[in-house]
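Reading the structure
Each chain, letter by letter, is given below.
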Amino acid sequence: MFEDIIGTLGVAVIVITYFLLQVERMRSDDLLYSLLNIIGSVMILFSILKNWNFASFLIEIFWILISLIGVYKFVKRRKKERELL
């Protein structure tokens with residue numbers, strides 16, 4: 001039961017994050033966007049450990065990996081901006 005609550009909250013985090021992107025309250029190149037996607041996916045992965053589903057596991061792993069690319073790009077962009085100062 002606890003795992004289901006965590007997983008459902010993870011889904012809510014991802015859906016709300018995507019909604020904020022679509023209504024232009026968040027940008028996809030913001031660090032927060034990528035971090036919220038990672039957090040939501042980790043929460044869903046936690047729930048999958050109890051009720052194993054390979055397809056769900058796989059999509060969440062890819063969601064995390066793609067979001068990590070966003071974090072990397074953000075950090076790289078910030079470092080470049082600081083070098084210009």
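What counts as what
Residues numbered from 1 in each chain as written. Predicted model: local features only at pLDDT ≥ 70, side-chain atom pairs only at ≥ 80, totals over all residues. Heavy atoms only, no water. Helix = DSSP H or I, 4+ residues; strand = E, 2+ residues; numbered from the N terminus. Buried < 20%, exposed > 50% of the residue type's maximum accessible area, 1.4 Å probe, protein only. Salt bridge = Lys/Arg side-chain N within 4 Å of Asp/Glu carboxyl O.

1. Let's talk about unusual backbone geometry
The backbone of Glu-24 sits at a positive phi, close to 60°, despite the residue not being glycine. As for its placement among the helices and strands, Glu-24 is situated in the loop between helix 1 (2-22) and helix 2 (31-50).

2. A word on the environment of Leu-85
You can see Leu-85 is positioned in the segment after helix 3 (54-84). Judged by its relative accessible area of 87%, Leu-85 is exposed. Note: C-alpha distance between Leu-85 and Thr-17 (68 residues apart in sequence) is 32 Å.

3. Overview of the pattern of salt bridges
On inspection of all chains with the given rule, the structure shows 2 salt bridges. We note a salt bridge from Asp-29 to Arg-27, for which the minimum N-O separation is 2.5 Å. Taking the shortest distance from any N to any O, the salt bridge between Glu-81 and Arg-78 comes out at 3.7 Å. Placement of both Glu-81 and Arg-78 in helix 3 is noted, with a separation of 3 residues, approximately one turn of the helix. Here Glu-81 falls in the partly exposed class, since its relative accessible area comes to 41%.

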